[in-house]
Amino acid sequence: MEFATKCLHAGYTPKNGEPRVQPIVQSTTFTYDSAEEIGKLFDLQAAGYFYTRLSNPTTNAAEEKITALEGGVATMCTASGQAAVFYAMLNILQAGDHFISSSYVYGGTYNLFAHTFKKMGIEVSFVDQDLPLEELKKAIRPNTKAIFAETIANPALRVLDIEKFVALANAAQAPLLVDNTFATPYFCRPIEFGANVVIHSTSKYLDGHAIALGGSITDGGNFDWNNGKFPQLSTPDQTYHGLVYTETFGPAAYIVKARVQLMRDLGATPAPQNSFLLNVGMETLALRMQRHYENAQAVAEFLDKHPQVAKVSYPGLSSSPDYALKQKYLPNGLCGVISFEMKGGRETAATWLNALQLVSREVHVADIRTCALHPATSTHRQLSEAELEKVGISAGLIRLSCGIESLQDILADLEQAFHSAK
């Protein structure tokens with residue numbers, strides 16, 4: 001099936017007389033005819049549903065759709081995008097381990113890596129993703145267990161050279177985990193370029209309507225967990241009577257472990273209602289992403305010529321340092337998010353934001369309505385000045401997320417706000 005058809009049909013196929021739309025299975029638990037059947041489920045010897053914390057038919061439909069769209073082997077949904085990043089990393093990291101991350105990451109991810117993981121005895125090295133491969137390799141240590149980056153960085157709007165980071169991961173004998181939230185699988189499928197795990201904040205474009213928090217982790221099924229560095233997957237798990245994930249579940253070992261260990265123990269489970277809304281949102285992903293991109297490209301070109309704008313970060317502009325990477329990894333389009341710097345710094349940026357009428361001021365991004373944010377005083381507020389500089393955020397930086405409204409209405413609102421900010 002083509003991508004747009006998968007958006008509609010993947011994940012759920014009704015049988016004769018069943019509902020055409022995936023139903024909301026609003027139940028915490030499921031009944032069986034015998035204790036033996038339930039025992040097999042708990043021993044991972046049979047597939048099925050027994051408690052919604054681990055699996056639910058409505059959530060399973062969303063997971064299978066995402067798997068089909070990203071080209072992986074299996075997906076686990078979580079209650080939020082932040083939970084997805086946390087679980088994806090913790091699934092293979094433990095106290096004493098080290099990992100490498102691009103410095104161009106979302107503020108919540110930066111805090112998780114730099115501070116929360118540090119308290120857990122896990123150390124991160126942030127690197128400049130623009131460095132040559134040989135320089136990046138200097139960050140590798142014997143205990144390096146993962147490489148992390150974002151396809152399109154939030155909010156710096158930098159495009160990842162995925163194949164270079166795949167080479168870095170190969171040198172470390174570690175998996176590459178990529179947050180693909182902004183690009184979505186409509187514009188980029190990192191697994192096709194060699195990435196091993198793909199993460200989403202489904203609250204953004206996959207949902208598309210700002211109505212349901214959620215996250216997802218997709219296993220590419222293309223990493224050798226038997227390479228000696230990941231005993232969590234390749235040696236017996238005593239909580240399941242000595243089961244070895246790589247032996248029992250093969251290419252899906254990583255995602256099965258995430259579900260039956262982390263989700264079992266930590267429980268950041270999406271509600272069936274949210275999974276239903278995610279399913280509905282993904283049905284129009286192909287249509288929406290095309291409109292987001294068309295609007296954002298036009299808005300970026302408008303901003304690039306505006307006398308009150310110091311700098312525009314949007315890889316769709318031919319002047320962007322990442323234009324060549326955009327052409328390689330995202331040839332058909334980008335996200336609807338633009339970052340730009342106002343002349344006049346923090347105060348002028350605040351005046352411009354306050355003057356917006358159609359465009360919402362909100363702590364969100366990547367949905368159908370255009371919105372704007374000042375990262376330095378909101379999403380990245382916890383970062384120090386030095387940390388802000390490291391992740392590419394200036395005092396006057398605005399993150400603008402172009403929705404699917406009429407382009408002329410978006411441009412008119414931006415222009416009247418610029419007039420007010422003079």
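For the chain, an unreviewed UniProt entry supplies the name O-acetylhomoserine aminocarboxypropyltransferase/cysteine synthase and the organism Bisgaard Taxon 45. UniProt, in its Sequence similarities (unreviewed entry) section for the chain, records the words "Belongs to the trans-sulfuration enzymes family." Under the heading Cofactor (unreviewed entry), UniProt records this for the chain: "pyridoxal 5'-phosphate".

(A) Representation of the sheet that holds strand 9 (residues 337-342) in the model. Across the sheet, which stays open at both edges, the five strands sit in the order 8-9-12-11-10 with mixed pairing between neighbours. At either margin of the open sheet sits one strand with a lone partner, and together these are strand 8 (309-313) and strand 10 (360-361). In the sheet, strand 11 (residues 371-373) pairs with strand 12 (residues 397-401) via three bridges, with the strands oriented antiparallel. Residue Ala372 lies in a different strand from strand 12, and its bridge partner there is Leu400. On the sheet, helix 15 (residues 345-355) packs against strand 9, strand 10, strand 11 and strand 12 and is oriented at approximately 130° with respect to strand 9.

(B) Focus on the packing of helix 4 (residues 81-90) against helix 5 (residues 107-119). Running from N to C, helix 4 and helix 5 point in directions that differ by 45°, and their axes come no closer than 10 Å. Classified by the angle between their axes, helix 4 and helix 5 sit oblique to one another. The handedness of the crossing between helix 4 and helix 5 is right-handed. On the side of helix 4, the interface is formed by Gln82, Val85, Phe86 and Met89, while helix 5 contributes Gly108, Thr109, Leu112, Phe113 and Phe117. When the residues that make up the contact of helix 4 with helix 5 are grouped by side-chain class, the tally is six nonpolar, three polar and no charged.

(C) Structural context of the side chain of His292. With respect to the helices and strands, the residue His292 is situated in helix 13 (residues 285-304). At 2.8 Å, the side chain of His292 forms a polar contact with the backbone oxygen of Cys402.

(D) Structural detail: the layout of surface pockets. One number sums up the size of the largest pocket: a volume of about 780 Å³. What lines the largest pocket is a set of 26 residues, among which Ala47, Gly48, Ser55, Arg259 and Val260 lie closest to the centre. Going through the elements one at a time, helix 2 (35-42), helix 3 (57-70), strand 1 (74-78) and helix 11 (253-266) are the ones with two or more residues in the lining of the largest pocket. In terms of residue count, the dominant contributor to the lining of the largest pocket is helix 11 (five residues). A class-by-class count of the residues in the lining of the largest pocket yields 16 nonpolar, five polar and five charged.

Criteria and thresholds
- Residues numbered from 1 in each chain as written.
- Predicted model: local features only at pLDDT ≥ 70, side-chain atom pairs only at ≥ 80, totals over all residues.
- Heavy atoms only, no water.
- UniProt positions renumbered as here; feature names shortened; annotations may be inferred.
- Pairing = 2+ DSSP bridges.
- Helix = DSSP H or I, 4+ residues; strand = E, 2+ residues; numbered from the N terminus.
- Contact = heavy atoms within 4.5 Å.
- Axes fitted to C-alpha atoms, helices over the stretch in contact; angles between N-to-C directions.
- Parallel < 35°, antiparallel > 145°, perpendicular 65-115°, else oblique.
- Left-handed = near helix turned anticlockwise from the far one by under 90°.
- Nonpolar A, V, L, I, M, F, W, Y, C, P; charged D, E, K, R; others polar.
- Polar contact = N/O pair within 3.5 Å; in protein donor to acceptor, adjacent residues only side chain to side chain.
- 1 Å grid on protein atoms, 1.4 Å probe; cavity = no way out; pocket = protein on both sides within 12 Å on 5 of 7 lines; lining within 4 Å.
- Points joined across faces, edges and corners; volume = space filled by probe spheres on them.

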